[in-house]
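What follows is the residue order along each chain.
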Amino acid sequence: MRALVWHGKEDIRCDTVTDPEIEDGRDVIVKVTSCAICGSDLHLFHNFIPAMLPGDVMGHETMGEVVETGRGLNGKLKKGDRVVVPFTIVCGECDQCKRGYFSVCQRSNRKKHLADKVFGHTTAGLFGYTHLTGGYPGGQAEYLRVPFADATVQKVPDGIPDEKLLFLSDIFPTGWQAAVQADIQPTDTVAIWGCGPVGQMTIRSAVLLGAEQVVAIDHLPERLEMAEAGGAITINFDEENVVERLNELTGGEGPEKCIDCIGMESHVTPSMPDTIYDRAKQIVMAESDRPHVLREMIYVCRPGGLISIPGVYGGLIDKIPMGAAMNKGLTFRMGQTHVQRWTADLLRRIEEEQIDPSFVITHEVPLDKGPEMYRMFRDKQDSCIKVVLKP
């Protein structure tokens, strides 16, 4: 089969690889009908996430049709079922899964020993990601093996286009969880850093959850326009001082809820000297991430407020003002998304036309165009916000 394969830093190729096979009774093989490039795929593209190996198949936003099933599914899935495949692989039976903490499933990471060593304790297996999360082949491919399929996949109905359903695999639940864990109240100002795909879903989730005002921060015109269309007040950090503008919008008090939809790769610009410092430390391998947004959120957030972090961080960060965070009494909530906790409800919202997640798609191309689309997405060319690939 054809698949997008990681060969090293900024080297993704469309290769012919071995077709997946059933390895366990709870497996299914999915014929992929749509997949997407995610912002966190760029962290792998840039080689900022450790423990990638040449030959790893990329991708964790996938949907398609079940074409083969293991013998241990007891009729829960069958050939012909249409499914969305969340990026989190979950057993559905361990203590963490029973609590709804699916992204820290205790059984699905087949390289648990690596995660235990690096994180202290293992987290869930993830598709198309680092070997710290199992090294599972991803879904930017013609076919995908899904372990623990009866607990992992979300069956979806016919009659709804892939483009409306695909993002149940990641960015829609990720934006939703980012807003839900912020505990949004009707009087809240919610400030969201980053208007990429996850940021766009977070904006619309915060609106659906009833925030008084949602403020979106970025500098790319096409992203800011999309954010404004979703109901946000926008701040272009190239043109305005973010802290001053947020204080102006909140009567000098600061936003109650701050959400980081950027993570480890904050934009580097001379107007924000700490980003230059972070980039220099990255170059000499003294720091893995660029946490400008995290610093800014801590500084501007209202005392007693809450910081939600769906943006991916990969390792070590520096110069975080923990004294300000502690003295202001800020609450932090973060983590990979517990996708399976949210998919059924979000599917209902799509069916009821509360939201159409396909609004975020700017490019739809064949799978073999994937390598050039990685570069386009990285460079933000042609107003690229979200790429869907068709095997």
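These numbers come from a predicted model, not from an experiment.

## Focus: the nonpolar core
Move 1: Counting 50 residues, the largest nonpolar core has Val28, Val85, Val146, Tyr374 and Leu389 as the members making the most contacts within it.
Move 2: Among the elements that make up this core, the one with the highest residue count is strand β3 (residues 28–37) (five residues).
Move 3: With sequence-adjacent residues up to four places away left out, Val85 is seen in contact with Val30, His60, Thr62, Met63, Phe127, Leu144, Val146, Val153 and Ser169.
Move 4: Formed by 43 residues, the second largest nonpolar core is a distinct cluster that contains Ile160, Leu165, Leu224 and Ile259.

## Notes on the UniProt feature "domain: Alcohol dehydrogenase-like C-terminal" (unreviewed entry) in the chain
Move 1: Under the UniProt annotation, "domain: Alcohol dehydrogenase-like C-terminal" (unreviewed entry) lies at residues 197–268.
Move 2: Span residues 197–268 is 40% helix and 19% strand, its end C-alpha atoms 20 Å apart.

## What about the UniProt feature "domain: Alcohol dehydrogenase-like N-terminal" (unreviewed entry) in the chain?
Move 1: The UniProt entry lists residues 26–150 under the feature "domain: Alcohol dehydrogenase-like N-terminal" (unreviewed entry), expressed in the numbering used here.
Move 2: In this annotation, residues 26–150 is assigned 17% helix and 26% strand; the end-to-end C-alpha distance for the span is 7 Å.

## Describing the packing of helix α9 (residues 242–249) against helix α11 (residues 292–300)
Move 1: Packing of α9 against α11 brings their axes to within 11 Å, and their N-to-C directions diverge by 35°. Remark: the crossing between α9 and α11 carries right-handed chirality. Contacts between α9 and α11 involve Val242, Val243, Leu246 and Asn247 on the former and, on the latter, Glu296, Tyr299 and Val300.
Move 2: Along the lines of polarity and charge, the residues of the contact of α9 with α11 split into five nonpolar, one polar and one charged.

## Observations concerning the state of the cysteines
Move 1: Within the structure shown, the criterion is met by zero disulfides.
Move 2: Here Cys91 is not cross-linked by a disulfide; its sulfur's nearest cysteine counterpart is in Cys105, at 3.7 Å.
Move 3: For Cys91, a relative accessible area of 1% translates into the label buried.
Move 4: Left unpaired, Cys94 is separated from the closest cysteine sulfur, that of Cys97, by 3.6 Å.

## A closer look at the pairing of strand β2 (residues 12–16)
Move 1: In terms of strand pairing, strand β1 (residues 2–6) meets β2 through five bridges, oriented antiparallel. Counted as the bridge partner of Val5 is Arg13 from β2.
Move 2: Hairpin connection between β1 and β2: a loop of five residues separates the two successive antiparallel strands, and Gly8 in this loop has a positive phi of roughly 145°.

## Some details on the side chain of Gln177
Move 1: Here Gln177 shows up in helix α6 (residues 171–180).
Move 2: Ignoring anything within four residues of it in the chain, the contact list for Gln177 reads Gly335, Gln336, Thr337, His338 and Trp342.

## Section: the environment of Phe172
Move 1: Mapped onto the fold, Phe172 is located in helix α6.
Move 2: When the C-alpha positions of Phe172 and Ile309 are compared, they lie 15 Å apart, and in sequence the two are 137 residues distant.
Move 3: When residues no more than four places from it in sequence are discounted, the contact partners of Phe172 are Phe167, Met201, Ser205, Leu346, Ile350, Ile355 and Pro357.

About the criteria used
Numbers given to residues run from 1 along each chain, matching the order in which its sequence is written. With the structure being a predicted model, the display of local features is reserved for residues of pLDDT at least 70 and the display and counting of side-chain atom pairs for 80 or more, all residues being used for whole-chain, interface and lining totals. Only hydrogens and water are set aside; all other atoms, that is, all heavy atoms of the structure, feed into the side-chain values. Here, the term nonpolar core denotes a set of buried Ala, Val, Leu, Ile, Met, Phe, Trp, Tyr and Cys residues that are joined through side-chain atoms within 4.5 Å. Relative accessible area decides the class of each residue, using a 1.4 Å probe on protein chains only: under 20% of the type maximum gives buried, over 50% gives exposed, and in between gives partly exposed. The way it works is that DSSP assigns letters per residue, a run of H or I at least four long becomes a helix, a run of E at least two long becomes a strand, and they are numbered from the N terminus. Contacts were defined at the residue level, with two residues in contact if any of their heavy atoms lie within 4.5 Å. UniProt positions are given in the numbering used here, feature names are shortened, and annotations may be inferred rather than shown by experiment. A fitted line through C-alpha atoms serves as each axis, taken over the contacting stretch for helices, and the angle formed by two N-to-C directions is quoted from 0 to 180°. Here a crossing is taken to be left-handed if its near helix is turned anticlockwise relative to the far helix by less than a right angle, and right-handed if that turn runs clockwise. Gly is placed with the polar residues, together with every amino acid not listed as nonpolar (Ala, Val, Leu, Ile, Met, Phe, Trp, Tyr, Cys and Pro) or charged (Asp, Glu, Lys and Arg). By disulfide we mean two sulfur atoms from cysteines, separated by a distance within 2.5 Å. Between any two strands, pairing holds if DSSP finds at least two bridges.

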